[in-house]
Amino acid sequence: MSVSSDVVVRKAVIPAAGRGTRFLPFTKATPKEMLPIIDRPTMEYIVAEAAGCGIDDVLVITSRGKVSIEDHFDQAPELEAALAEAGKTSELEMVRASSEMARVHFVRQGVALGLGHAIGQARDHVGDESFAVLLGDDVLHPDSDVLSRMISTHERTGAHVIALMEVPPDEVSLYGCVEATEIGPGLVQVHSMVEKPPPEEAPSNLAMMGRYVFGPSIFDAIDATPPGRGGEIQITDAIASFTGSGEVYGVVFSEGRYDVGSKADYLRAIVEFACEREDLGPDFEAFLVGYVRGRGLLD
Ligand code: G1P
């Protein structure tokens, strides 16, 4: 494993080329990454998470029909001027913040050949650097330290690092699953991994969540990866080619993750984030208490 003291992660890649079929009909004309959690698109939480870890360069992998993501992270001179003239200072700050949180670039995945292939589209932009990958369906709570733990593990060891969480055995087939041994608090060495196994074939119930920190060697591995599950080029298969030489670590966490690709978890994110907001929380929590009482859901 190459251990280099000058490895620094300052770039992130966010795959956002999927069709979002789980959220049709909303996603017929609007990218799923623009689904709001209250008043911010989910994509903004993802970019903010990367920026909070010192990443200032973000590449979003898009596809046809995703232009509104580009607009969201662009400057909006007319809107900003109108808000300034109207004295709407806090709205102006929010609008500016989305174009200032990082330098956000875009490249298209012309054909949908899988997550591994989508990440491979970042090669020219990332070059010979280490980088983080954040999947938009997995929103982490703003207080989460998972990505920063992953980055420091990568910068310390040079290993590819994945995020892992225990899931109920009947959910393993939704995820990439790993066989791993603990080597420190919340840190495991990964020995093997398989993409979306049937429960009886899963090596454990430790599942990969949508955060990765890679060295640039992942790109050659992606190029060498044949289509796997679903006929797609899977990032799990590309990472698996490094497990035999001990070059894959996992950071294990247990809370603060919302699968916003699932309607139930998307709603949970909205409720929890609303309750935590100073401007909304008190009134909204009072409403919730009255609501669950009125429905006879409390003893
Ligand atoms: C992807 C990965 C899978 C991972 C999951 C996390 O699957 O292929 O290994 O466990 O993200 O959300 P997807 O949910 O995009 O099908």
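Check the entry above for the structure.
Summarised in this report is the structure supplied together with it. (Residues numbered from 1 in each chain as written. Predicted model: local features only at pLDDT ≥ 70, side-chain atom pairs only at ≥ 80, totals over all residues. Heavy atoms only, no water.)

A few words now on the packing of helix α10 (residues 263-276) against helix α11 (residues 281-294). For the pair α10 and α11, interaxial distance at closest approach is 7 Å and the crossing angle is 130°. In terms of orientation, α10 lies oblique with respect to α11. Residues V271, A274 and C275 of α10 lie in contact with α11, whose contacting residues are G281, F284, E285 and L288. Here the residues of the contact of α10 with α11 are counted per class, giving five nonpolar, one polar and one charged. (Axes fitted to C-alpha atoms, helices over the stretch in contact; angles between N-to-C directions. Helix = DSSP H or I, 4+ residues; strand = E, 2+ residues; numbered from the N terminus. Parallel < 35°, antiparallel > 145°, perpendicular 65-115°, else oblique. Contact = heavy atoms within 4.5 Å. Nonpolar A, V, L, I, M, F, W, Y, C, P; charged D, E, K, R; others polar.)

Another point: the pattern of salt bridges. Pairing between side chains of opposite charge can happen when their charged atoms approach one another. The final tally for this structure, using the stated rule, is 20 salt bridges. One salt bridge connects R123 with D220, and the closest N-O pair in it is separated by 2.7 Å. Here R123 is found in helix α6 (residues 123-126), whereas its partner D220 is found in helix α8 (residues 218-223), with 97 residues between them in sequence. Taking relative accessible area as the criterion, R123 reaches 30% and is therefore assigned partly exposed. Taken together, the salt bridges that share partners define one network made up of R22, K32, D137 and D259. (Salt bridge = Lys/Arg side-chain N within 4 Å of Asp/Glu carboxyl O. Buried < 20%, exposed > 50% of the residue type's maximum accessible area, 1.4 Å probe, protein only.)

Next up on the list: the layout of surface pockets. Considered as a void within the structure, the second largest pocket measures approximately 420 Å³ in volume. Considering the residues around the second largest pocket, the lining is formed by 17 residues, among which R40, Y45, A48, P142 and F273 are closest to the centre. Looking at the lining of the second largest pocket, the elements with two or more residues in it are α1 (42-52) and α10. Ranked by the residues each element gives to the lining of the second largest pocket, the list is headed by α1, at four residues. Considered class by class, the residues forming the lining of the second largest pocket number seven nonpolar, four polar and six charged. (1 Å grid on protein atoms, 1.4 Å probe; cavity = no way out; pocket = protein on both sides within 12 Å on 5 of 7 lines; lining within 4 Å. Points joined across faces, edges and corners; volume = space filled by probe spheres on them.)

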